[in-house]
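Here is how the chains run, residue by residue.
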Amino acid sequence: MSESAMLSMTKNTGPMLIVLSLLIALSFVTELAKAETLEVELRIRDHLFFPSTLIIPANQKVKIRVINEDPTPEEFESFELNREKVIAAHSQTVIFIGPLEVGEYPFFGEFYPKTAQGVVVAK
Amino acid sequence: MFLNAVVLVLQEILEAALILSLLLAFVRYLNLASGERVLSRRNWVVTSIIAGVFLAWIFSNNFSRISNSFDYVGLEITNASIHSASCFLLVLFAWLFPVKRSVAHLNHRSLGLIFCMVVVVTLAILREGSEIMQFGGGILGQGQAGLPIFYGGVVGAGIGVSTGVLLYYALTGLSIENSLKACVLLLSLTAGNMASQAILLLNQADWLPFTPTAWDSSGLLSESSVLGQLAYALIGYEATPSIMQVSAYLLGLFFVIISPISRLAWSTWHDEASQI
């Protein structure tokens, strides 16, 4: 009984150690990546995006801080960026994008798509 | 604003309606194949709709708190958890689905099946309903003339539900063998979709590392087109998925494909049918 328990323990410690060390490595990598992440600001006012053209460096992860100044919620949406997120009225949120190849990536506010239009330009 | 509300509500209702139709088609198959009304009680549908709407309401009322948690990525984490749970339950549903005829076997499994279906539909309504409530609540709260938006929502919901009904009749209009094949295929694609969405949300939250885009089919089928939207709601179509998303999708697909019900669907059905 105890022998089999011992056996199963020795069997399991190998993979567990690997998983543990991978997790530790991953957390270091993500911490490192977080420290280097560039942050840009995007404001929503009167169902418009400011700035409507968001210029960011290509091939680099970017943190967009979206600040909604309107009394209504809005949804940041972009098919090109594969992003979709609701931002409550009078509040802010964070959306990570990239690393992006050089190019233009349109986005819009799904709740007010007629006016809320913008584009991310990766240079 | 009218058209805007139609499109928005339609998108949200569609996903939940399609999942519900798929599960109802499975129930119909089971009742037909076993010759008994194993899951005859429709209560589970009502239960899940009420639970889903109630949870969506709670979610909406705590929206800011959820959104601000985890350093402003609380929404992604919550939704990724909901998608992961849905994926797991769809796979579990496939594995629990009875392939033997014995009444004991069917009764034994029916409770598990109902549990899976109730939770999957509840989570789908929670996911989609909370977004509609955000949209609707924001507009009503502002005191605008909300009537066109309300009508738009009703029209959108109507089209969404109709599409769901259409799918149900499309699935059940086939012969029983083909119906099972189509249901299993759709179930596997839905499980894959849920897994892929969970990965996408964790990418957006920066909880998972970036992986390159697997392909770009936006020229072939744009995500913003009507067909693209339908494919997105039905099977989680994305024009530019990441490699990690595609891997998760295939994994979800795989776990349903290797389930007993899937093997039954693609085996020489007539031989197996006598054993059901």
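1. Section: the interface of chain A and chain B
Alright, step 1. Between chain A and chain B, the contact holds 20 residues from the first and 24 residues from the second.
Alright, step 2. If you list the elements that add at least two residues to the side of chain A that touches chain B, you get strand S6 (83–87) and strand S7 (91–97) of chain A.
Alright, step 3. Tallying contributions element by element places S7(A) first for the side of chain A that touches chain B, with 5 residues.
Alright, step 4. Of the residues that constitute the side of chain A that touches chain B, the class distribution is 12 nonpolar, 4 polar and 4 charged.

2. Focus: the sheet that holds strand S9 (residues 117–122) of chain A
Residue and element names in this part refer to chain A.
Alright, step 1. In spatial order, the strands read S3-S9-S8-S5-S6; together these 5 strands make up an open sheet with mixed pairing. Strands with a single pairing partner mark the edges of an open sheet, and in this sheet they are strand S3 (53–56) and S6. Taking each pair of neighbouring strands and ignoring which way they run, the sheet shows an average axis angle of 20°.

3. Quick look at the environment of B:Leu221
Residue and element names in this part refer to chain B.
Alright, step 1. Along the chain, leucine 221 falls in the loop between helix H7 (176–204) and helix H8 (226–235).
Alright, step 2. On the basis of neighbour count, leucine 221 is assigned to the partly exposed category, with 13 C-beta atoms found within 10 Å.
Alright, step 3. A sequence separation of 131 residues divides leucine 221 from leucine 90, and the C-alpha atoms of the two residues are 27 Å apart.
Alright, step 4. Each residue touching leucine 221, except ones within four places of it in the same chain, is listed here: Leu227, Gly228, Ala231, Tyr237 and Ala239.

4. Details of the nonpolar core
All names here are of chain B.
Alright, step 1. One finds Leu90, Cys183 and Ala191 to be the most contacted residues of the largest nonpolar core, which totals 99 residues.
Alright, step 2. Sorting elements by how many residues they give to this core places helix H1 (residues 2–34) first, with 20 residues.
Alright, step 3. With sequence-adjacent residues up to four places away left out, alanine 191 is seen in contact with Cys87, Leu90, Val91, Gly252, Leu253, Phe255 and Val256.

5. Observations concerning the sheet that holds strand S2 (residues 48–50) of chain A
Residues and elements named next belong to chain A.
Alright, step 1. Taken together, the 4 strands give an open sheet; going across it, the order is S2-S1-S4-S7, and neighbouring strands pair in mixed fashion. Only two strands of the sheet have a single neighbouring strand rather than two, namely S2 and S7. Each strand of the sheet is rotated relative to its neighbour by a mean of 25°, with strand direction disregarded.
Alright, step 2. In this sheet, strand S4 (residues 62–68) lies alongside strand S1 (residues 38–45) in parallel orientation, the contact comprising 7 bridges. Residue pairing for S4: leucine 42 is matched across the bridge by valine 66.

What counts, and where the lines are drawn
Residue positions within a chain follow its written sequence, with the count starting from 1. Written order determines the labels here, with chains lettered from A and ligands numbered from 1. This being a predicted model, a pLDDT of at least 70 is required before a residue's local features are given, and a value of 80 or more before pairs of side-chain atoms are given or counted; all residues contribute to the totals for chains, interfaces and linings. This entry defines residue contacts through backbone-placed C-beta atoms, with two residues in contact when those atoms are within 7 Å. Helix and strand definitions follow DSSP, with helices as H or I runs of at least four residues and strands as E runs of at least two, each counted in order from the N terminus. Each residue gets one label: Ala, Val, Leu, Ile, Met, Phe, Trp, Tyr, Cys and Pro are nonpolar, Asp, Glu, Lys and Arg are charged, and the others, such as Gly, are polar. Strand pairing is defined by DSSP finding a minimum of two bridges between the two strands. Angles here are taken between N-to-C directions and fall from 0 to 180 degrees, while the axes themselves are lines fitted to C-alpha atoms, restricted in helices to the stretch in contact. A residue is called partly exposed when the number of other C-beta atoms within 10 Å of its own lies between 12 and 20, exposed at 12 or fewer, and buried at 20 or more, with C-beta atoms placed from the backbone. Put simply, a nonpolar core is buried Ala, Val, Leu, Ile, Met, Phe, Trp, Tyr and Cys residues tied into one set by C-beta atoms within 7 Å.

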